[in-house]
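The lines below spell out each chain.
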Amino acid sequence: MSEQKMPFEDPESFGLPPVAGSARQPDMADQVMQEIAPLLAADGIDLENLDDVEVEELDAAMARAVERHNLEQITPVGDQEAVTLLTLSSIVYALDSGTAEQLQKIFASIGQEPTHMRPSIGHLTGVALETLDKWYTDPSLENILRSAKLTFGPPATRSAAEDLQVLAHKGRAVRSYGNLLANHGGLELARAGAYLIYVSIAAIAAVRQIAVNEVLPELLPGKPLSKEHIDSIPLRPEVEQRIAQEEQYEEFQFWLSDQYDDEDVDEIYELFIDLVMQALEAGLDPDDPSAIHPWLASIQFSLDYQNVMESMHAISNYVAFRVEDSDDPAPWLEVLETFETEVGEDPLAEQFRQIIDAADMAPLADRAAAIRQLPIVAGLHELGQWLNTSQPVTANQVPRRTDIQRLAGMIGVQAVGAATKPELHYEPTAFEDLMASSSTAPNADLPHLPDRMKTYSVQSALEVPELVSWWTALEVLEIIELTASRVRQGPGATEFFREDLAVENAELVVGLWIANVLLHHFERTHYEVPATALVINHLTSAMSGADIPLSEPDPDVDIGVRITNVSYCRSLRYLRDMGLVQIRDGRLHVPKTLHRPVVLGLSTAVQHLTELLSNAD
């Protein structure tokens, strides 16, 4: 043969795959040629003996071999096809929910070779291209999909998507894989294919006026994994650790079987193992008696009071087991005795538990509709827009004076920043302020937002209790992240800025806000403690069915009583203005659909108040 350059010396001539996301490797041509050698041999071409092969014949054989090679690279079969479909569905869910972090994790876990739980980048691309060919040539979908367009992602991805859509409309995306790969690279082509799957499903869902997750199973049906594949999936380290802990505490499980019925044993034991995993992560050893009280303390800061009580119950059972089982029971007995003293039956805790049990019987849809009406929940959406870029804050890490009006307005509070203190003027008494517009709620079971009676003119956001209580809750829940001079979206922002905010997340916001606002004035006077205790007691009693009438104290009573009543009425007004509390016919009332978040807030306030009083001692 002549000295002319052979076509296969340049893999790009046939669209051979570059390494995804990296420069071409020097020995790539050799590697690819080794892979397609058997395909060429099937066509009668021996790469070791090309003397009698014409260039035209070799070109044709190479083209066929490369096409077959590419097809094999992008066509998963069996369990790998099922894994690929699962991954595509996960990408669609991540894009639809706006969970950028999850999307990044998915793509970061996809490599050149398939794994038990992820396809190769070629398999992901191949299934996406084949699916798009099918959809875009379907007469019933063709017109809908002409309006589908990828408007997000890197420019390189959007460029690949445009080329891909043109070919899919002709049913030629898969057949053009080699050229697409050569023009755009493996990573961008895979991302473009997956993103177009989402964009196409979203366009179809919009026309049908249903959610993406409702149409996804129809358009991208999954396939079951074989039992052999599932059994061969390697366990994650945390799963292996959990299994090890379950084996280690089997004796405790047997001990529980002598104390409870099977269903209760399973619930207590599963919760206990969860707690053990949390303890180990926190550096606590459950087998050390001295670690028990720090362990208890680590679980008590929770808005889910019922979960706290169940967790304490599980640990108390474990301590009792160690008293019976240990060679040296003395230290465990000492822990158990103090445990029973501290965690024993508490009438208020029992009331909280009963209210939550009753609240959980209400339809979740009703609870969701009610809590999303509250300004401190509804305001999260506008907050997310405000924090699309980071914003400046004061040296105290609170909103600047110029931002007070907008941020307060997000939660329905009338407040303006002022350079100087406003002139004093007549204000109604705390009781008059509380009772004003308080009997106009049309529905006792739903939130009601009365006409706002108070407008703040302040020099600092710290002077607006409702706003600073919200701000603090946002920081604790990592919805916002504060630096010395700016505020930005925190790690938890995505979950809380969703339009379909989960009820449990909304309850976290409301619960923390209630606790913060009730304790906002704690250090101002020593009358704040009885006032806060009275609010907690009266709200708990009202939710339990008691009749709690409100009346203004006699002006001749002790000054301490009057100051306490002012604080009491002020706290109730904060709650009333947010729709959490109503005054109906002069009596205290909490809408049933809000019982759970209110209890969570009160229980958190109790825990914080106990800590504050302990520190004061």
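Criteria and thresholds
Sequence order as written defines the numbering, with residues in each chain counted from 1. Two thresholds apply to this predicted model, a pLDDT of at least 70 for residue-level local features and 80 or more for giving and counting side-chain atom pairs, whereas whole-chain, interface and lining totals are computed over all residues. Side-chain measures were taken over the full set of non-hydrogen atoms in the model, leaving aside hydrogen atoms and water. Helix and strand definitions here come from DSSP, where helices need a minimum of 4 consecutive H or I residues and strands a minimum of 2 consecutive E residues; each element is numbered from the N-terminal end. Categorising residues by exposure relies on relative accessible area from a 1.4 Å probe, with only protein chains included: less than 20% of the type maximum marks a residue as buried, more than 50% marks it as exposed, and the intermediate range marks it as partly exposed. In what follows, a contact means two residues having at least one pair of non-hydrogen atoms within 4.5 Å. To measure how exposed things are, a 1.4 Å probe is used in the Shrake-Rupley method; for residues, cover is taken only from the protein chains shown. Nonpolar cores were defined as sets of buried Ala, Val, Leu, Ile, Met, Phe, Trp, Tyr and Cys residues, with membership established by side-chain atoms within 4.5 Å. In summary, the pairing rule links any two rings of Phe, Tyr or Trp, Trp by its six-membered ring, whose centres are within 6.5 Å, and it sorts them by plane angle into stacked for under 30 degrees, edge-to-face for over 60 and tilted for everything else. Confidence of the predictor at the level of single residues is captured by pLDDT, which takes values from 0 to 100. Axes here mean lines fitted to C-alpha atoms, for a helix over just the part in contact, with angles spanning 0 to 180 degrees between N-to-C directions. The crossing is said to be left-handed when, going from far helix to near helix, the turn is anticlockwise and less than a right angle, and right-handed when the turn is clockwise. Just so you know the grouping, Ala, Val, Leu, Ile, Met, Phe, Trp, Tyr, Cys and Pro go in nonpolar, Asp, Glu, Lys and Arg go in charged, and all remaining residues, Gly too, go in polar. N or O atoms within 3.5 Å of each other form a polar contact, as long as, within protein, one can give a hydrogen and the other can take it, and as long as residues adjacent in sequence are counted only when both atoms are side-chain atoms. Criterion for a salt bridge: a side-chain nitrogen of Lys or Arg within 4 Å of a carboxyl oxygen of Asp or Glu.

### Considering the overall build of the protein
- Looking only at helices and strands, one finds 28 helices and 7 strands in the protein.
- Out of the 617 residues belonging to the protein, those deemed buried represent 46%.
- Partitioning the intrachain contacts of the protein with sequence separation of at least 6 by distance along the chain shows that 72% fall at a separation of at least 24.
- For the protein, the exposed surface amounts to about 30,900 Å²; the carbon and sulfur share of it is 50%.

### Digging into the nonpolar core
- Of all hydrophobic cores here, the largest spans 73 residues; its most connected members are Leu383, Trp470, Trp513 and Leu580.
- Non-local contacts of Leu580, meaning those with residues more than four positions away in its chain, are made with Leu374, Val510, Trp513, Ile514, Leu575, Val590, Pro591, Leu594 and Val598.
- In terms of nonpolar packing, the next biggest core, distinct from the first, is built from 51 residues, Ile91, Val127, Trp135 and Ala194 among them.

### A few points about the packing of aromatic side chains
- This structure, assessed with the given rule, holds 14 aromatic pairs.
- Three or more aromatic residues link up through ring pairs in this structure, and these residues are Tyr249, Phe252, Trp255, Tyr269, Phe272, Tyr318, Phe321 and Trp332.

### So, the confidence of the model for the protein
- Per-residue pLDDT for the protein has a mean of 79; in total, 74% of the residues score no lower than 70.
- Every residue in residues 1–29 is under pLDDT 50, and counting partners more than four places away or in other chains gives 50 contacts.
- Predicted confidence is poor over residues 301–305, with pLDDT under 50, and the contacts of this stretch with residues over four places away or in other chains come to 20 contacts.

### Remarks on the packing of helix α3 (residues 79–97) against helix α9 (residues 186–208)
- Relative orientation of the contacting elements α3 and α9 amounts to 65°, with a least axis distance of 9 Å. For α3 against α9, the interelement crossing comes out right-handed. Between α3, through Leu88, Ile91, Val92, Leu95 and Asp96, and α9, the contact on the second element is made entirely by Ala194, Tyr195, Ile197, Tyr198 and Ile201.
- Here the contact of α3 with α9 is composed, by residue class, of 9 nonpolar, no polar and 1 charged.

### Thoughts on the environment of Asp433
- As for its placement among the helices and strands, Asp433 is situated in helix α22 (residues 430–435).
- Distance in space between the C-alpha atoms of Asp433 and Arg573 is 7.5 Å, their sequence separation being 140 residues.

### Description of the side chain of Thr87
- The topology assignment puts Thr87 in helix α3.
- Exposure remark for Thr87: the relative accessible area of 0% places this residue in the buried category.
- For Thr87, the side chain forms a polar contact with the side chain of Arg118, separated by 3.5 Å.

### Details of the pattern of salt bridges
- With the rule as written, the count across this model stands at 16 salt bridges.
- Between Arg322 and Asp287 there is a salt bridge, with its nearest N and O atoms 3.1 Å apart. In this pair, Arg322 sits in helix α16 (residues 305–325) while Asp287 sits in the loop between α14 (262–281) and α15 (292–300), placing the two residues 35 residues apart along the sequence.
- The shortest N-O distance in the salt bridge between Asp577 and Arg576 comes to 2.6 Å.
- For Asp577, a relative accessible area of 5% puts it in the buried group.
- Arg576 gets classed as buried once you look at its relative accessible area, which sits at 2%.
- Each of Asp360, Arg367, Glu507 and Arg596 takes part in salt bridges that share partners, so that together they form one network.

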